[in-house]
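# Per-entry structural report
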Amino acid sequence: MDGIETSKLLDEELYSRQMYVLGLPAMQRIQEAKVLLSGLQGLGAEVAKNLVLMGVGSLTLHDPHPTCWSDLASQFFLSEQDLEKSRAEASQELVAKLNGAVQVCIHTGDITEDLLLDFQVVVLTASKLEEQLKVGSLCHKLGVCFLVADTRGLVGQLFCDFGEDFTVQDPTEAEPRTAAIQHISQGSPGILTLRKEADAHYFCDGDLVTFSGIEGMVELNGCAPQPIHVREDRTLEIGDTTTFSCYLRGGAVTEVKRPKTVSHKPLDAALLQPRVVAPSPQEVHRAHCLHQAFRALHKFQHHNGRPPRPWDPRRCRYDGQIAVFGAGFQKTLSHQHYLLVGAGAIGCELLKGFALVGLGTQGSGGVTVADMDYIERSNLSRQFFFRPQDIGRPKSEVAAKAAHRLNSDLQVTAFTNPLDPSTENIYEDNFFSRMDGVAAALDSFQARRYVAARCTHYLKPLLEAATQGTWGSASVFMPYVTDVYRAPASATASEDAPYPVCTVRHFPSTVEHTLQWARDEFEGLFYLSAKTINRHQQAPTSLADTDGPQVLTLLQGVLGVLRERPQTWQDCVVWALGHWQLCFHDGIMQLLKHFPPDKVLEDGTLFWSGPKRCPQPLEFDASQDTHLLYVLAAANLYAQMHGLPGSQDRTVLRGLLKFLPLPDPQHLAPNFVNDLDLDLASAEFGPEQLKKLHEALEVWSVGPPLQPLMFKKDNDSNFHMDFVVAAASLRAQNYGILPANRIQSKQIVGRIIPAIATTTAVVAGLVVLELYKVVGGARSLGAFRHSHLHLAENRFSRWVPRAPDIQMFHHLKWTCWHRLKVPAGQPERNLESLLAHLQEQHGLRVRMLLHGRALLYSAGWSPEKQAQHLPLRVTELVQQVTGRVPKPRQQVLVLELSCEGEEEDMTFPPLHYEL
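The shown structure was predicted, so the numbers you read here are calculated from the model rather than taken from an experiment.

Here we come to the overall build of the chain. Across its full length, the chain carries 29 helices and 30 strands. Relative to the 2.2 N^0.38 estimate, which gives 29 Å for 915 residues, the radius of gyration of the chain is 33 Å and therefore close to what a compact globule would have. Projecting the C-alpha coordinates of the chain onto the three principal axes gives extents of approximately 90 × 90 × 65 Å. Buried residues in the chain amount to 49% of all 915 residues.

See below:
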């Protein structure tokens, strides 16, 4: 409970995604940090944005230099109205608006030793070497973390000095690895075997681990962290267990993170002996060359009092970019039209980048943003186009207007429709024909696969980015040059995979099972039951016999110990207490009645073994926080559903519970189904049960409609997460499972992807680098790069994409990007003509022809059936078989074919029948 209260002080709703990455202690330190940022050109603006979004205590801006035209290419806090104004002063207001909880100040004088005493972190950008050496020396002496960052065209540099004894609490910023235990032997060393579904490769020699939930060898539970040794058979040696009790069942082994101490050199020492870590000698040489190039630029500036001037400056916002790529490229960029799918964190960063580089600012160019989601408060900590007043508004519309404010020449259009099979009448052939490429910023593999398939169909370049905490990736897919996008097989298999119902209901073994059970409880008690009763009010005779068991299950929970609707807060508390008793005591006792702890199967093994954990009933105790939280949350939700006032006073609730007797099991709502049948949906359901069901519905149908409660995870005042967290924790106690805390529970239940602004900014920048190549007309595979990074471990890799596989059939050669094109002709050709065309032009004797899953033609049909189909026009045939006619502006019918003589695994290119 202390953790829950503390997290609320830190505004868990706003920073929830960030806390999943950094943890609560780090967030507390961030909110206390005072940062000095010197240099407010483009890079400085990025640093300021990320620091304010992440919630530092205060940020002091320092840059007395006047705004110039070249700043506008990358400094998104400045505009043409700010020319000649101090960069820091012109930026302050917009920087402060990113997060009202962060104090944003300006320093106008020099950076002195006395000034540095007020800060924990100092960041210099676009600074002279002399200033870097001076400030760096002072920071090292004072113990202030010091960073230098700079960019010059397409290259950049970064230097960090965090002192000689800097402790990294978690070097990976990843959740501790954990796995379920199958068996532990007694011996020296003891050998731990993981359950089959656990991945032993997660553990490495020397990892520190601890244990929980073990039955039998309880001496290990909660032990001090101890090292492990991974054996060749992937079992783990865990030390001497000779004197321990005999292992019975269950338990988990969990990694214990170890802090790491890092020593940093000051800048002057690092410059004398630069050390480069790179994956190849070529990269080492390149890094040394770039280092010398930066030194040369500093020397030039020292002698001339200015950096080198670019050729042909035009006094426009793209001067910096034109200096790198030229005016011709800038014109080409301005006439591009791109579709951006997703206006979340990465989408906002990409849209910002498009506005700054001048994509889609002239002629038929433009940016179309598609996103169906609405802005939530949790978005504000990393989606910098959004402000508190935008909550509840469509992401695409708000982001589009904000991007237009960055660059008034940007021609941007917002769509609030999803991009999926249901909207192909909106995002149709003419729509995609106007696009030069697609950028995808999506958070599910299902959505990514669909967008990638659209790009393959329309032969459009796809730029794609993704993040998870400190991990990030950016990829590029070019028609005919690279392979197409392919989702990871493991991700495809696991996404949206449900847990077995029986496991969740009766045999949970992981915290995910208990949270799913709690989430299902919420849905049944406070949403589905209310909808069922309301539906019966509107149509009393609409209930079918087949609905009976499911409706009975819902009603049994919502009725509880009550025989009529609640009228007061105390009625709601009585119901909540009764439901606590039913779920965590009586229900467990009933389960153990049918499956006793010592039950043995026919093969001689214990029923409660392996993944099946033997549960224990709980006894209600109002002095225990989790017990009280469950009743408080359940009673308030029950009151909300019935339109009654609730209460948040825990002290009064504890007093009330002292006088409420625990309900006797026989006084609970009657169980209308066979108690011996654990699968309620399969129980027998006859006239007598239907009669009782209608009687119960009649009682509850009197009065106003109930309010179904839609689960919302990010509102900390509505008791939704309170109920789920408490219910899952109690369920975990029943089964000896280590429960998750509130933050972990919200992440698991909400399927929330951990996120921080810095990773998002990096992958968006990498995508824009690939955009330059795509727009510039690069056609060589070696010109493009996929990127992968892990900021926590300072790992960054880039590699050339895979080329598309080439398939051959006789003289025909193709890749995943190719298609066979056949014009419909005037008058439109029939099926016989189409088959003849494929044989004459491509040498293909078609065996089967399909449209989607509909079979249009088969060489194995009888002559009579072939005679019926061959004379039909192709569109007429499709309509006859599928019942669908081509859409008014549809340009092609996509047909799939197989041919005589082909290999079994061969996939022919799609046949595009051009209408």
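Right, let's get into the sheet that holds strand β26 (residues 820-823). Spatially, five strands are ordered β26-β30-β29-β27-β28 in an open sheet, and the strand pairing comes out mixed. Both outer strands of the open sheet, β26 and β28 (854-858), are each paired with one neighbouring strand and no more. Strand after strand, the sheet turns through a mean of 30 degrees between neighbouring axes, direction not considered. Pairing of strand β27 (residues 846-851) with strand β29 (residues 892-899), which is carried by four bridges, proceeds in the antiparallel orientation. Looking across to β29, one finds that M848 is bridged to S898.

Turning our attention to the packing of aromatic side chains. According to the stated counting rule, one finds 34 aromatic pairs in the structure shown. Aromatic pair F584 and Y630: ring centres 5.3 Å apart, planes at 85 degrees, arrangement edge-to-face. In this pair, F584 is assigned in helix α20 (residues 569-594) and Y630 in helix α21 (residues 625-641), connecting sequence segments 46 residues apart. Here F584 and Y630 have matching classes, each one buried.

What follows concerns the sheet that holds strand β4 (residues 121-125). A sheet is described by the order of its strands in space; here six strands give the open sequence β3-β2-β1-β4-β5-β6, paired in mixed fashion. Looking at the sheet topology across the chains shown, the edges are occupied by β3 (103-106) and β6 (155-161). Put simply, the sheet's adjacent strands are angled 15 degrees from each other on average, direction ignored. Seen against the sheet, helix α5 (residues 87-97) touches β2 (58-62) and β3 and runs at an angle of roughly 175 degrees to β3. Sheet strands in contact with helix α9 (residues 281-304) are β5 (145-152) and β6, and its direction is about 90 degrees off that of β6.

Moving on: the environment of K395. Mapped onto the secondary structure, K395 falls in helix α13 (residues 395-406). Separated by 25 residues in sequence, K395 and A370 place their C-alpha atoms 8.9 Å apart. In contact with K395, not counting residues within four places along its chain, are A343, G344, D371, D373, Y374, I375, N379, Q383 and F386.

Two elements in contact, helix α18 (residues 511-538) and helix α24 (residues 720-734), have axes whose closest approach is 8 Å; the angle formed by their N-to-C orientations is 130 degrees. Overall, the two elements α18 and α24 adopt an arrangement that is oblique. Helix-helix and strand crossings are classified by hand; for α18 and α24 the assignment is right-handed. Mapping the contact onto sequence places T514, L515, W517, A518, R519, E521, F522, L525 and F526 in α18 and H720, F723, V724, A727, A728, R731 and A732 in α24. Here the residues of the contact of α18 with α24 are counted per class, giving 11 nonpolar, two polar and three charged.

We now examine the nonpolar core. Counting 80 residues, the largest nonpolar core has L59, L61, L350 and F385 as its most contacted members. Top contributing element to this core by residue count: helix α26 (residues 757-775), with 10 residues. Once you skip the residues sitting within four places of it in the chain, L350 turns out to touch L340, A439, A441, A764, V767 and V768. With 68 residues, the next largest nonpolar core counts L525, V558, W575 and L632 among its residues.

Attention now goes to the pattern of salt bridges. Under the definition given, this model contains 34 salt bridges. Between D63 and R87 there is a salt bridge, with its nearest N and O atoms 3.2 Å apart. Placement of D63 in the loop between β2 and α5 and of R87 in helix α5 is noted, with a sequence separation of 24 residues between them. On the basis of relative accessibility, which here comes to 4%, the residue D63 falls in the buried class. Since its relative accessible area comes to 7%, R87 is described here as buried. A single network of salt bridges, built from pairs that share partners, joins E12, D716, D722, R742 and K746.

With 24 residues, α9 should reach 34 Å at 1.5 Å per residue; the first-to-last C-alpha distance of 35 Å fits that figure. All buried positions along α9 are accounted for by H291, F294, H298 and Q301. As for α9, its buried residues are in contact with α7 (129-142), β5, β6 and α8 (267-272). Of the residues one or two after α9, G305 is the one with positive phi, at around 75 degrees.

Among the secondary structure elements, Y480 is positioned in the loop between β21 (471-477) and α16 (489-494). With relative accessibility at 42%, the residue Y480 sits in the partly exposed group. For Y480 and L781, which are 301 residues apart along the polypeptide, the C-alpha to C-alpha distance reads 9.5 Å. Filtering out sequence-adjacent residues up to four positions away, Y480 remains in contact with L459, P804, W817 and H818.

A few words now on the pairing of β28. Counted residue by residue, β28 has four buried out of five residues, so it is predominantly covered. In terms of strand pairing, β27 meets β28 through four bridges, oriented antiparallel. By the bridge assignment for β28, M848 is matched with S858. Counted between consecutive antiparallel strands, the loop separating β27 from β28 contains two residues, among which G852 sits at a positive phi close to 65 degrees.

Between S188 and P189 the backbone carries a cis peptide bond, its omega angle lying at 5 degrees. As for its position among the elements, P189 is in the loop between β8 (178-184) and β9 (191-194). One non-glycine residue, L459, lies in the positive phi region at around 55 degrees. Examined against the element boundaries, L459 turns out to sit in the loop between α15 (445-458) and β20 (462-468). With a phi angle near 70 degrees, Y480 is a residue other than glycine that sits in the positive phi range.

Okay, α7 next. Compared with the 20 Å implied by 1.5 Å per residue over 14 residues, the 20 Å span of α7 between its first and last C-alpha is a close match. Here α7 has its buried residues at L129, Q132, V135, G136, L138 and C139. Those residues of α7 that are buried lie in contact with α6 (113-116), β4, β5, β6, α8 and α9.

Let's shift gears to the pairing of β3. Two faces, one strand: in a regular strand the side chains alternate between the faces of the sheet. Bridge analysis of β2 against β3 gives four bridges, and the strand direction is parallel. Within the sheet, the bridge partner assigned to L61 lies in β3 and is I106.

When pLDDT is averaged along the chain, the result is 88; 92% of the residues meet or exceed 70. Every residue in residues 1-8 is under pLDDT 50, and counting partners more than four places away or in other chains gives 12 contacts. Segment residues 667-684 is flagged for pLDDT under 50; beyond a separation of four residues in sequence, or across chains, it makes 39 contacts in the model.

Here the focus is the environment of L870. Looking at the secondary structure, you find L870 in the loop between α28 (863-869) and α29 (874-882). C-alpha of L870 to C-alpha of L831: the two residues are 39 residues apart in sequence and 4.9 Å apart in space. Apart from residues no more than four positions distant in its own chain, L870 is found in contact with N830, L831, E832, L835 and Y857.

Turning to the side chain of S378, a few remarks are in order. Considering the arrangement of structural elements, one finds S378 in the loop between β17 (366-370) and α13. When its relative accessible area of 1% is taken as the criterion, S378 is described as buried.

Moving on: a nonpolar patch on the surface. A contiguous nonpolar surface patch, about 240 Å² in accessible area, is contributed by L154, V324 and L769. Relative to the helices and strands, L769 is located in helix α26.

Rules and cut-offs
- Residues numbered from 1 in each chain as written.
- Predicted model: local features only at pLDDT ≥ 70, side-chain atom pairs only at ≥ 80, totals over all residues.
- Heavy atoms only, no water.
- Helix = DSSP H or I, 4+ residues; strand = E, 2+ residues; numbered from the N terminus.
- Rg over C-alpha atoms; globule rule 2.2 N^0.38 Å.
- Buried < 20%, exposed > 50% of the residue type's maximum accessible area, 1.4 Å probe, protein only.
- Pairing = 2+ DSSP bridges.
- Axes fitted to C-alpha atoms, helices over the stretch in contact; angles between N-to-C directions.
- Phe/Tyr/Trp six-rings, centres within 6.5 Å; stacked < 30°, edge-to-face > 60°.
- Contact = heavy atoms within 4.5 Å.
- Parallel < 35°, antiparallel > 145°, perpendicular 65-115°, else oblique.
- Left-handed = near helix turned anticlockwise from the far one by under 90°.
- Nonpolar A, V, L, I, M, F, W, Y, C, P; charged D, E, K, R; others polar.
- Core = buried A, V, L, I, M, F, W, Y, C linked by side-chain atoms within 4.5 Å.
- Salt bridge = Lys/Arg side-chain N within 4 Å of Asp/Glu carboxyl O.
- Expected span 1.5 Å × (residues − 1).
- pLDDT = per-residue confidence, 0-100.
- Patch = residues over 30% accessible without salt bridge, like charges linked within 9 Å, V, L, I, M, F, W, Y side chains within 5 Å.
- Areas by Shrake-Rupley, 256 points an atom, 1.4 Å probe, with all protein chains shown as cover.

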